[in-house]
Amino acid sequence: MALTPAPTKHLYAFSQIPSLPLPPILFPPKSRHRQTRCSSSPFPCCRFLSLSSSSIFPPLPATSASGVRRDLTSLTASMPPESVLFYDIGVAVLVSGVALLLLRFWAEIAKRRLLEEKLNRKLVHISVGLVFMLFWPLFSSRREAAILAALAPGVNIIRMLLLGLGIWKNEALVKSISRHGGYRELLKGPLYYACTITLATSVFWRTSPIAIAAICNLCAGDGMADIIGRRFGSQKLPYNCNKSIAGSIAMGCAGFIASLWYMHYFSLFGLIEESWRLIAGFFVVSAMSAVVESLPISAELDDNLTVPLTSLLVGSLVF
């Protein structure tokens, strides 16, 4: 049986069908990748086989510290000045609320006597300032942001004055932050503590290593010196029988480690640049703060006053 060719009109009609564009994965744009012998083939199947994995699965965008900083600043970069101000006020209210909740938490711990009184007081000493610093990158880059951020510890100054003068009564809070449970004690160490954090925030702020060193040596350094010294401080210093070698070493190490951690933390947001010079400076400041804290004069004045003053003075020389 002879085969008859298809009618010409059907071939003509088939040729008039509009050509559909092929998926771009079959014909990728020209790239700088090395062309293989198969990639020059006119057949789509060969060109598909010549695709590299990077053409089909593009790499994920790389993350960097500057990228993180851009993501945060983009929240306020497009805002008008009035909106940025309200944004900083909102962050300040949030930080103040967290600080009050943290103090309330430790007050409940002291009230229920879940921890030793002195240990509870030192945990308050360590946590309040360090947790407060965690929120610094949330503020905008405006100068007013530092003043608004300082309102949180500034409120604590007023609280210490009201409690220390007996105007406001809160036995649980007084017990959690005073040495011997007396409300008059709040006019010394706790008041100096709040003033130091307020000063470091409003004057030096988050781009200054001096602020990091002052708060870290005051909170982590001085706090750990008491905790470690009471438990492992059997060997006293020759020039001060009230201080131990273990406590002084713990203070220098804790203040130094905390300073390094916050240096790295702030560098993730582009607020400060990590360097060996800063590391050396933090070491000097922490060592000098530990030495001054071990002197008998610190007992006559107050550790919460001598330690931050030393950090500020030495930090202004080395940074």
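Residues numbered from 1 in each chain as written. Predicted model: local features only at pLDDT ≥ 70, side-chain atom pairs only at ≥ 80, totals over all residues. Heavy atoms only, no water.

## Quick word on the overall build of the chain
Consideration 1: Scanning the chain from terminus to terminus reveals 15 helices and two strands.
Consideration 2: Expressed as a percentage of the 319 residues in the chain, the buried residues total 43%.
Consideration 3: Carbon and sulfur atoms make up 68% of the accessible area of the chain, which totals about 18,800 Å². (Helix = DSSP H or I, 4+ residues; strand = E, 2+ residues; numbered from the N terminus. Buried < 20%, exposed > 50% of the residue type's maximum accessible area, 1.4 Å probe, protein only. Areas by Shrake-Rupley, 256 points an atom, 1.4 Å probe, with all protein chains shown as cover.)

## Considerations on the packing of helix 6 (residues 117-134) against helix 12 (residues 245-267)
Between two packed helices, both the angle of their axes relative to each other and the distance between the axes serve to describe the pair.
Consideration 1: Relative orientation of the contacting elements helix 6 and helix 12 amounts to 20°, with a least axis distance of 11 Å. The pairing of helix 6 with helix 12 is recorded here as roughly parallel in orientation. Helix 6 and helix 12 meet at a crossing whose hand is right-handed. Along its contact with helix 6, which presents L130, V131, M133 and L134, the element helix 12 presents W261, Y262, Y265 and F266.
Consideration 2: Taken together, the residues of the contact of helix 6 with helix 12 sort by class into eight nonpolar, no polar and no charged. (Axes fitted to C-alpha atoms, helices over the stretch in contact; angles between N-to-C directions. Parallel < 35°, antiparallel > 145°, perpendicular 65-115°, else oblique. Left-handed = near helix turned anticlockwise from the far one by under 90°. Contact = heavy atoms within 4.5 Å. Nonpolar A, V, L, I, M, F, W, Y, C, P; charged D, E, K, R; others polar.)

## Focus: the confidence of the model for the chain
Any segment with low pLDDT has predicted coordinates that should not be analysed in fine detail.
Consideration 1: Across the chain, the average pLDDT comes to 80, with 76% of residues at 70 or higher.
Consideration 2: Overall, residues 8-15 carries pLDDT values under 50, and its contacts beyond four positions in sequence, including any with other chains, amount to zero contacts.
Consideration 3: Segment residues 22-65 is flagged for pLDDT under 50; beyond a separation of four residues in sequence, or across chains, it makes 24 contacts in the model. (pLDDT = per-residue confidence, 0-100.)

## Looking at the layout of surface pockets
Consideration 1: In this model, the largest pocket occupies a volume close to 1,000 Å³.
Consideration 2: Around the largest pocket sit 43 residues that line it, and R121, K122, R179, D222 and N304 are the ones nearest its centre.
Consideration 3: Class assignment for the residues of the lining of the largest pocket results in 17 nonpolar, 12 polar and 14 charged. (1 Å grid on protein atoms, 1.4 Å probe; cavity = no way out; pocket = protein on both sides within 12 Å on 5 of 7 lines; lining within 4 Å. Points joined across faces, edges and corners; volume = space filled by probe spheres on them.)

## Regarding helix 8 (residues 151-164)
Consideration 1: Under the 1.5 Å per step criterion, the end-to-end length of helix 8 is 20 Å for 14 residues, consistent within 8% with the ideal 20 Å.
Consideration 2: Considered for burial, the residues of helix 8 that qualify are A152, P153, G154, N156, I157, R159, M160, L163 and G164.
Consideration 3: Considering only its buried residues, helix 8 is in contact with helix 5 (81-112), helix 6, helix 7 (143-149), helix 9 (171-177) and helix 10 (189-204). (Expected span 1.5 Å × (residues − 1).)

## Concerning unusual backbone geometry
Consideration 1: A positive phi is found at R113, a non-glycine position, where the angle reads about 55°.
Consideration 2: Note on placement: R113 falls in the loop between helix 5 and helix 6.
Consideration 3: In this structure, W205 is a non-glycine residue whose phi angle is positive, near 70°.
Consideration 4: Among the residues examined, W205 registers a relative accessible area of 9% and is labelled buried.

## Let's talk about a nonpolar patch on the surface
Consideration 1: Among the surface-exposed residues, I158, L161, L162, L165, I167 and W168 lie close enough to one another that they form a single nonpolar patch of about 540 Å² accessible area.
Consideration 2: With respect to the element layout, I167 can be found in the loop between helix 8 and helix 9.
Consideration 3: Looking at I167, the relative accessible area reads 61%, which means it is exposed. (Patch = residues over 30% accessible without salt bridge, like charges linked within 9 Å, V, L, I, M, F, W, Y side chains within 5 Å. Salt bridge = Lys/Arg side-chain N within 4 Å of Asp/Glu carboxyl O.)

## Comments concerning the nonpolar core
One recurring pattern in soluble globular proteins is that nonpolar side chains are buried together.
Consideration 1: Within the largest apolar cluster, 57 residues are counted, with the highest numbers of intra-cluster contacts made by W136, F139, I212, Y262 and F266.
Consideration 2: Considering every element that reaches this core, the biggest residue donor is helix 11 (residues 209-232), with nine residues.
Consideration 3: With residues near it in sequence (within four places) discarded, F266 still touches M133, W136, P137, R206, I212, L271 and I272. (Core = buried A, V, L, I, M, F, W, Y, C linked by side-chain atoms within 4.5 Å.)

## As for the environment of H264
Consideration 1: Relative to the helices and strands, H264 resides in helix 12.
Consideration 2: Separated by 11 residues in sequence, H264 and S275 have C-alpha atoms that sit 9.9 Å apart.

## Some points on the pairing of strand 2 (residues 240-244)
Consideration 1: Pairing geometry for strand 1 (residues 236-237) and strand 2, over two bridges, is antiparallel. Bridging from a neighbouring strand, L237 pairs with N240 of strand 2.
Consideration 2: Two successive antiparallel strands, strand 1 and strand 2, enclose a turn made up of two residues. (Pairing = 2+ DSSP bridges.)

## A short note on helix 15 (residues 303-318)
Consideration 1: Compared with an ideal rise of 1.5 Å per residue, which puts 16 residues at 22 Å, helix 15 spans 22 Å between its outermost C-alpha atoms and is within 8% of the ideal.
Consideration 2: Along helix 15, the positions that sit buried rather than exposed are D303, N304, T306, V307, P308, T310, S311, L312, V314 and G315.
Consideration 3: A distance of 2.8 Å separates the backbone nitrogen of N304 from a side-chain oxygen at the start of helix 15, and that oxygen is part of D302. (Polar contact = N/O pair within 3.5 Å; in protein donor to acceptor, adjacent residues only side chain to side chain.)

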